[in-house]
Amino acid sequence: MQTSTVEENPLAATGPLVTPLLESLIEFRRDIHANPELSHKEFRTTDRLHEELLKAGLKPQRLERTGVMVDVGTGPIAIALRADIDALPILEETDLPYASGNEGITHACGHDIHTTVMLGVAKVLAKLDAESPLPARVRIIFQPAEETMPGGALDVIKQGVLADVPRILALHCDPRIDVGKVGTRIGAITSASDTVRIELTGRGGHTSRPHLTEDLVFALAQIAVNVPAVLSRRVDVRSAVSVVWGQISAGSAPNAIPAHGYMSGTMRCLDNDAWYEAGELLDSVVKQVAAPYGVTVDLQHTRGVPPVINSEPETGLIEAAARAELGEDSVVLTPQSMGGEDFAWMTQKVQGAMMRLGTRTPEGETFDLHRGDYAPDEQAIGCGVRVMASAAARAVFSSGTVAAT
């Protein structure tokens, strides 16, 4: 079990500060949920955040194009918190009164919850700072374009958001965990993820004479089956390299071998080192598998994100805050996800941790992320604010040293 070794922070219990904000935070969340914006196009969301932070008496700084950063307190930076603000190109299917008004776009990954939680944290910390100046700063980063590869985190890092930041925390909605609980784990909590698109071209021809042309459909099938199989024998199986195809398309007639076809999918991996190894192997394996069939191969392999690595001290900081705010039984061990997350680029620069925020109504329906019907329980907002604000306060009012006991 991980617990803080420093004296209990008298400001760690943030519930009384969060409760008066809940109504306005839910209203804000519904507003940005009804007006979702895709990666790099989060202009309205950026404006709304900037407006709300100004109202809280803070001095937010707009990032290049979209996104906002704001510091609360004075002195050196004690900790940074990060939220992602973009939506997905998915049709919403909830019939909620505040459902997306932008056709084919929705917050199906819960980024509206993440954004709202961190806005609430900024407001809580601003109130604390106004009453008695905080002895150190908390930096809150509202990051654009998490849903792109290799992710908007790289862009904002280049803009200096991690300058002088010693540690960083983030959260992600988890529809498998009940509201009032959070999921944590030390080590990798997400997986590495790349995208792969392969286009094959040949002369085309009649299916009765495949020997006179390049059998492109057969070549696609061999790549689909054999590339994952080869990688599973060339990379340590404990790293769980997974290549899964989401699209395969070729041809228009049953008796004609097409001249063009393509396939695309993802490569995921649990281990950071194996991710680099598998990435180098993938390109050569695809070409080797395709070579006997005489097709021309155009491979577009986009290196995505490494795993998010949760450090032990920052995981302990989250757990201590959650237990103080939500109860001793509020922390559950979460399995490593095969999903990718660009917060990983930040944890490669600064030690940090991501927690899973429970969004399932107890005994209610279990949804999944990236689904048009995902409808998180909004009571999770208050839970997220309390835990993140408490963790930030602990970092500010202490040395931030957290140890395993």
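Residues numbered from 1 in each chain as written. Predicted model: local features only at pLDDT ≥ 70, side-chain atom pairs only at ≥ 80, totals over all residues. Heavy atoms only, no water.

(A) Quick look at the nonpolar core. In terms of nonpolar packing, the biggest core is built from 59 residues, with V121, F142 and M388 touching the most fellow members. A per-element tally of this core places helix 10 (residues 380–396) first, with eleven residues. If sequence neighbours within four positions are ignored, F142 has contacts with L49, L53, L63, G67, V68, V70, A83, I85, T115, M118 and L119. A170, I198, L281 and V305 belong to the second largest nonpolar core, which has 50 residues in total. (Core = buried A, V, L, I, M, F, W, Y, C linked by side-chain atoms within 4.5 Å. Buried < 20%, exposed > 50% of the residue type's maximum accessible area, 1.4 Å probe, protein only. Helix = DSSP H or I, 4+ residues; strand = E, 2+ residues; numbered from the N terminus. Contact = heavy atoms within 4.5 Å.)

(B) Structural context of the sheet that holds strand 14 (residues 296–305). Strand order in this open sheet of four strands is 11-13-9-14, and the pairing throughout is antiparallel. This sheet does not close on itself; its edge strands, each paired only once, are strand 11 (242–250) and strand 14. Pairwise comparison of adjacent strand axes, ignoring direction, gives a mean angle of 15° for this sheet. The sheet strands contacting helix 6 (residues 216–234) are strand 9 (192–201), strand 11 and strand 13 (260–269), and the helix crosses strand 11 at an angle near 175°. Contacts from helix 7 (residues 272–290) reach strand 9, strand 13 and strand 14, with the element oriented near 170° to strand 14. (Pairing = 2+ DSSP bridges. Axes fitted to C-alpha atoms, helices over the stretch in contact; angles between N-to-C directions.)

(C) Local environment of unusual backbone geometry. The omega torsion across M149 and P150 is 5°, close enough to zero to call that bond cis. Along the chain, the position of P150 falls in the loop between strand 5 (137–143) and helix 5 (152–158). You will see that D164, though not glycine, has its phi angle at about 65°, which is positive. Mapped onto the elements of the fold, D164 is located in the loop between helix 5 and strand 6 (168–178). Looking at D164, the relative accessible area reads 67%, which means it is exposed.

(D) Spatial organisation of the pairing of strand 13. With ten bridges connecting them, strand 9 and strand 13 associate as antiparallel partners. Opposite A192, over in strand 13, you have C269 as the bridge partner. Pairing analysis gives eight bridges linking strand 11 to strand 13, with the strands arranged antiparallel. Across the sheet, the residue bridging to V243 is M267, located in strand 13.

(E) A look at the packing of helix 8 (residues 312–326) against helix 10. Contact geometry of helix 8 with helix 10 gives a least axis separation of 8 Å together with a crossing angle of 125°. With respect to their mutual orientation, helix 8 and helix 10 come out oblique. For the pair helix 8 and helix 10, the sense of crossing is right-handed. From helix 8, L317, I318, A320, A321, A322, A324, E325 and L326 reach across to helix 10, where they touch C383, R386, V387, M388, S390, A391, R394 and A395. (Parallel < 35°, antiparallel > 145°, perpendicular 65-115°, else oblique. Left-handed = near helix turned anticlockwise from the far one by under 90°.)

(F) Seen up close, a negative patch on the surface. Negative charge collects at one region of the surface, where D271, D273, E277 and E280 lie side by side. Position of D273 relative to the elements: it lies in helix 7. Since its relative accessible area comes to 59%, D273 is described here as exposed. (Patch = residues over 30% accessible without salt bridge, like charges linked within 9 Å, V, L, I, M, F, W, Y side chains within 5 Å. Areas by Shrake-Rupley, 256 points an atom, 1.4 Å probe, with all protein chains shown as cover. Salt bridge = Lys/Arg side-chain N within 4 Å of Asp/Glu carboxyl O. Lys, Arg positive; Asp, Glu negative; His and termini not counted. Charge placed at Lys NZ, Arg CZ, Asp CG, Glu CD.)

(G) A look at the side chain of E92. Counting through the fold element by element, E92 comes out in the loop between strand 4 (77–84) and helix 4 (111–131). Among the polar contacts made by the side chain of E92, one reaches the main-chain amide nitrogen of S100 at a distance of 2.9 Å. Side chain to side chain, E92 and T106 meet in a polar contact 3.0 Å long. Beyond its immediate stretch of four places on either side in the chain, E92 contacts H33, A99, S100, T106 and G372. (Polar contact = N/O pair within 3.5 Å; in protein donor to acceptor, adjacent residues only side chain to side chain.)

(H) Molecular detail of the pattern of salt bridges. Within this structure, the stated rule accounts for 28 salt bridges. When the shortest N-O distance is used, the salt bridge between R323 and E319 registers 3.8 Å. One end of the pair is R323 and the other is E319, both in helix 8 and four residues apart, which spans about a single turn. E319 shares its class with R323; the two are buried.

(I) Layout of the packing of aromatic side chains. Taken as a whole, this structure holds four aromatic pairs when the rule is applied. When the centroid spacing of 4.8 Å and the interplanar angle of 55° are considered together, the rings of W275 and Y276 count as tilted. For the ring pair F367 and Y374, a centre distance of 6.3 Å and an interplane angle of 70° mean the geometry is edge-to-face. For F367, a relative accessible area of 17% translates into the label buried. Residue class for Y374 comes out buried when judged on its relative accessible area of 2%. Positioned over the ring face of Y262 is R197, at 4.1 Å from the centre of the ring. Above the plane of the ring of W275 lies R303, whose end atom (NZ or CZ) is 4.4 Å from the centre. (Phe/Tyr/Trp six-rings, centres within 6.5 Å; stacked < 30°, edge-to-face > 60°. Lys NZ or Arg CZ within 6 Å of the ring centre and 35° of its normal.)

(J) Structural detail: the confidence of the model for the chain. Overall, the predicted model of the chain reaches an average pLDDT of 93, with 95% of residues at or above 70. With pLDDT under 50 throughout, residues 1–12 is counted as low confidence; its partners more than four residues away or in other chains account for 32 contacts. Counted against residues more than four places away or in other chains, residues 399–405, with its pLDDT under 50, gives 18 contacts. (pLDDT = per-residue confidence, 0-100.)

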